[in-house]
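An overview of the molecular structure
Residue-level listing of the chains:
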Amino acid sequence: HILFTLSIAKCALFLVSSIAIYAVFQIKSGAEDLYNKLLSDSLPANLGYLYENAIAQIIEAMAEVVFHTWTPKGKSHAYEVDFLLTSKTKLAPIEVKSSNVNNHHSIEEFSKKYSSIISRRILFSQKDTSNKGMLELKPIYLAPVIIEGL
């Protein structure tokens, strides 16, 4: 399973890097400047879509992808958990962040609402491994191993 998991992770990272390189070489004027910004991590882009897509591809290869949105009573805005996975008879809500890992209200509210049926709460980002209470903060590159272990 580990080799299969690592192969999936390599494929996902290859896909992401291939898309980025393709985009760079499609732009004729200023391509060198764009490429340098990409390499120095100073490209003004919303990486959230990219990270969420990479995690979705990894989940799709190993499990069923489920999304969840709800509007609490008395609130005007909806909460959204990026992915829900099942872990035996429990749920594992997953959030993916490209920045501002301190803003995780949706997963906290979901965890309060369904606390009796939650096994793990996971937030994937580019940051190192840590915990904030019951919330596990994990780097994106560990997603295949963690998802397979659910």
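Residues numbered from 1 in each chain as written. Predicted model: local features only at pLDDT ≥ 70, side-chain atom pairs only at ≥ 80, totals over all residues. Heavy atoms only, no water.

Hydrogen bonds between backbone groups are what pair the strands of a sheet, and the pairing can be parallel or antiparallel. If you trace the five strands from one edge of the open sheet to the other, you get β3-β4-β5-β7-β6, paired in mixed fashion. The sheet is open, and its two borders are formed by β3 (83-87) and β6 (130-132), each paired with just one other strand. Sheet twist, expressed as the mean angle between neighbouring strand axes with direction ignored, is 30°. Pairing analysis gives three bridges linking β6 to strand β7 (residues 135-139), with the strands arranged antiparallel. Residue pairing for β7: Asn131 is matched across the bridge by Glu136. Its contacts with the sheet put helix α3 (residues 47-62) on β3, β4 (90-96) and β5 (121-125), and the angle it makes with β3 is roughly 30°. Strand contacts of helix α4 (residues 105-113): β3, β4, β5 and β7, with the helix running at about 170° to β4, the strand carrying the most contacts. (Pairing = 2+ DSSP bridges. Helix = DSSP H or I, 4+ residues; strand = E, 2+ residues; numbered from the N terminus. Axes fitted to C-alpha atoms, helices over the stretch in contact; angles between N-to-C directions. Contact = heavy atoms within 4.5 Å.)

To continue, consider the environment of Glu136. Turning to its location among the elements, Glu136 is positioned in strand β7. Assessed through its relative accessible area of 15%, Glu136 is described here as buried. Spatially, the C-alpha atoms of Glu136 and Leu123 are 6.1 Å apart, while their sequence positions differ by 13 residues. Not counting residues within four places of it along the chain, the set of residues in contact with Glu136 comprises Arg120, Arg121, Ile122, Leu123, Ser130 and Asn131. Of the polar contacts made by the side chain of Glu136, one reaches the side chain of Arg120; its length is 2.6 Å. (Buried < 20%, exposed > 50% of the residue type's maximum accessible area, 1.4 Å probe, protein only. Polar contact = N/O pair within 3.5 Å; in protein donor to acceptor, adjacent residues only side chain to side chain.)

Here the focus is the pairing of β5. Counting buried residues in β5 gives five out of five residues, a clear majority hidden from the surface. Because side chains alternate across β5, one face comprises the buried residues Arg121, Leu123 and Ser125, and the other comprises Ile122 and Phe124, equally buried. Pairing geometry for β4 and β5, over three bridges, is parallel. Looking at β5, one finds that Glu95 is bridged to Leu123. Taken together, β4, α4 and β5 form a β-α-β motif whose crossover is right-handed. Alignment of β5 against β7, held across five bridges, turns out to be parallel. Residue pairing for β7: Phe124 is matched across the bridge by Lys138. (Right-handed = clockwise from strand over helix to strand, strands pointing away.)

Quick look at the environment of Gly48 now. Among the secondary structure elements, Gly48 is positioned in helix α3. On the basis of relative accessible area, Gly48 is assigned to the buried category, the value being 13%. When the C-alpha atoms of Gly48 and Ser99 are compared, they prove to be 7.8 Å apart, with 51 residues separating the residues in sequence.

Quick look at the nonpolar core now. Counting 15 residues, the largest nonpolar core has Ile55, Ile59, Phe83, Ile94 and Phe124 as its most contacted members. By residue number, the principal contributor to this core is α3, which donates five residues. (Core = buried A, V, L, I, M, F, W, Y, C linked by side-chain atoms within 4.5 Å.)

What follows covers α4. Each α-helix turn comprises 3.6 residues. Residues three or four places apart therefore point the same way. Listing the buried residues of α4 in full gives Ser106, Ile107, Phe110 and Ser111. The buried residues of α4 occupy an angular sector of 130° when projected down its axis, which confines them to one face. (Arc of directions from axis to C-beta.)

Within this structure, the stated rule accounts for two salt bridges. Glu109 is paired through a salt bridge with Lys112; the nearest N and O atoms lie 3.5 Å apart. With Glu109 and Lys112 both in helix α4 and three residues apart, the pair spans about one turn of that helix. Glu136 is the partner of Arg120 in a salt bridge, and the nearest nitrogen-oxygen pair spans 2.6 Å. Here Arg120 is found in the loop between α4 and β5, whereas its partner Glu136 is found in strand β7, with 16 residues between them in sequence. (Salt bridge = Lys/Arg side-chain N within 4 Å of Asp/Glu carboxyl O.)

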